[in-house]
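# Examining the three-dimensional arrangement
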Amino acid sequence: MKLTPKVFSVFLLPALVYYLTMVILPIGLSFYTALFDWNGIGQATFIGLGNFKELLFNDPLFWQTVKRNLLFALFSMAEIPFAFLLAALIARFFRRGQRIVAAYFLPVILSAVVVGQLWQAIYHPLSRGGLLNQILVLLHLDSLTRAWLSDPNVAMYALYFVALWQYLGYHVLIQYTGIQNIPHTLQEAAIIDGANTWQIMRHIVFPLNIPFFKISLILAFIGSLQAFELIMVTTGGGPAEATEVMSTYMYNQSFLNLHYGYGSAIASFLVMFSLLATFVLNTVFASLEKRYDIGG
Amino acid sequence: MHSRPQPNLGKWFITIFIIFPLLITQLYPLLWLLLYSLKNNDEILSGGIFSLPSYPRWENYVIAIQNGHYLQYLFNSLIVTFSSIMILLFFASSVSYVLSRFRFRFSQHIFLLFLAGMMLPMQSALLPLNLMFKNLHLLDTRWSLIFTYSAFAMPISVLILTNFMRSIPRELEEAAIIDGAGPIRLFTSIIFPISRPAMMTVSILAFISAWNEYIIAATFISSKSLKTLPFGAYSFVSQYAVNYGAIGAYLILAALPMILIYVFLSEWIMRGMLEGAVKG
């Protein structure tokens, strides 16, 4: 149908204006604010790309946060083969696998506050009744007990683990769905032709499951950027900035130190980083899918 | 992979050594929290990872509900979440209707503009939104949350709804057009009702993200009476730092609505989250 002015102004215009003001405009403002030296109250001084220069060339802490974000993404992605294996076993051995998957999925829908505080209690030192330390004592590994979230050497790893714990079920669900989508006839034909389990995996399940690996990978990557809330409700970036990632650094610079311009520079970097990463992931998978000749 | 399940040794082995132990690691922390919430400090600190409370200390729940203003925050969360979903459905369905049914010059660009929104991290908009709401005197009101949640749920919703509406056969509308129905009638009496399954998916995704959201609420809201449940739970935890049992009780109460919904709607929720991941 042709778009009439009436349809345009009733259906399209209000929603578009709403979206542009609430989403696109603020992101644009981030880039603009990043050009100023501003504490939010006094006069803002235009300093061009000064904040970006400082951020990229003069702030070792920032590159630490980038590294932690990348590690976070890496760990989340490393979980995918594991989830795939688990999903394959569930699909192979259970008629009502969906129910087992549903149990694995439960932590995914809990809020970061609940998950974060639950794990904070688990990680508590012995003197505060932490579950993990109690288990270590039970196993006579007393030397390993510690205050997991206040030890700068392990706090970040303790948080990576929480995210892996929470999102395992999401990847199991995605991989399980992918495996269920593969037509049975293909595998039955392969069995008749004398293929073994490994060959079926290698030549049928794996290539046909590529779109689902892609979904899991993108999710793992986006999820690692959203670890923001988990960190804010547990360590807030501490102890001694040991668990600071890009987004928490942006938050603390903007809202705690009131470096609005500098915080906005980090926010802008985060936007470009996300766009670039999505682009790279999509390009890699486009070539993979082409190689195996399947539409993504 | 999917030959019919055979009851053999392999199944028992895998069940006992892989699937159930993992299930326990996934769910045990929640059970532990439940036990924790029914103990007093002495029982919690004296340890024992499987120990039951000598008797359930329901007073932890009384403290959480009364001193922690649980019902007030639950009510706030309900209002904010449902208003966001309403606004979201209103805007997202109307945009999707136009994008799926009308030909015009920039339709592809507008669709891409919404797609791009999915890759924008919401955190990056936190400071500018904070300043915008402050200037509009909307900071520390429910609107600041409702607007933010509904707007940032638009990209995925427009994508899901547009794809769904494109798949609706046009024959249905052609009959109505012959009967003289205009674009608004077509939308309200054909497209909107048929799109209910996709609306359900969109609502589930928006519900989960708005219901669980913490950082925006903690940034925009300062009045005690307007806090949402995650924010309220967090405040309670910081305030009652040494009353472990009551903290456990509050966390259980905070998780409870979502768990109840999951018990009844797990199929829908999993399908919705799956679709959200696929489209994302």
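As the structure is a computational prediction, the values presented were derived from the model and not from experiment.

### Section: the overall build of chain A
The number of helices and strands found in chain A is 13 helices and two strands. Seen along its three principal axes, the alpha-carbon backbone of chain A occupies a region of about 75 × 75 × 35 Å. A burial count over chain A gives 44% of its 296 residues as buried. Taking as baseline every contact in chain A between residues at least 6 positions apart, the subset at least 24 positions apart corresponds to 67%.

### Side note on the interface of chain A and chain B
Contact residues are listed per partner, giving 82 residues for chain A and 70 residues for chain B. The dominant element in the side of chain A that touches chain B, judged by the number of residues it contributes, is helix 1 (residues 5-33) of chain A, at 15 residues. Considering only residue class, the side of chain A that touches chain B consists of 62 nonpolar, 16 polar and four charged.

### Observations concerning the packing of helix 3 (residues 59-67) of chain B against helix 14 (residues 244-279) of chain B
Residues and elements named next belong to chain B. As a packed pair, helix 3 and helix 14 sit with axes 8 Å apart at the nearest point and diverge in direction by 65°. In terms of orientation, helix 3 lies roughly perpendicular with respect to helix 14. Here helix 3 runs over helix 14; the crossing is right-handed. Counting all contacts with helix 3, which are made through Asn 60, Tyr 61, Ile 63 and Ala 64, the residues of helix 14 involved are Gly 245, Ala 246, Gly 248, Ala 249, Tyr 250 and Leu 253. When its residues are assigned to classes, the contact of helix 3 with helix 14 shows seven nonpolar, three polar and no charged.

### Details of the domain arrangement of chain B
All names here are of chain B. Partitioning chain B into domains gives domain 1 (9-61) and domain 2 (66-279). The distance between the C-alpha centroids of domain 1 and domain 2 comes to 33 Å. Of the residues lining the interface, 11 residues belong to domain 1; the matching set on domain 2 comes to seven residues. Residue assignment for the side of domain 1 that touches domain 2 shows that the elements contributing at least two residues are helix 1 (9-36), helix 2 (41-45) and helix 3. Looking at the side of domain 1 that touches domain 2 element by element, the count peaks at three residues for helix 1.

### Notes on the UniProt feature "domain: ABC transmembrane type-1" (unreviewed entry) in chain A
Here, UniProt's "domain: ABC transmembrane type-1" (unreviewed entry) annotation points to residues 66-281 of chain A. Taken end to end, residues 66-281 of chain A is 75% helix and 0% strand, and its two terminal C-alpha atoms sit 18 Å from one another.

Rules behind the numbers
Residues numbered from 1 in each chain as written. Chains lettered and ligands numbered in written order. Predicted model: local features only at pLDDT ≥ 70, side-chain atom pairs only at ≥ 80, totals over all residues. Helix = DSSP H or I, 4+ residues; strand = E, 2+ residues; numbered from the N terminus. Buried ≥ 20, exposed ≤ 12 C-beta atoms within 10 Å, placed from the backbone. Contact = placed C-beta atoms within 7 Å. Nonpolar A, V, L, I, M, F, W, Y, C, P; charged D, E, K, R; others polar. Axes fitted to C-alpha atoms, helices over the stretch in contact; angles between N-to-C directions. Parallel < 35°, antiparallel > 145°, perpendicular 65-115°, else oblique. Left-handed = near helix turned anticlockwise from the far one by under 90°. Domains from an automatic or database assignment. UniProt positions renumbered as here; feature names shortened; annotations may be inferred.

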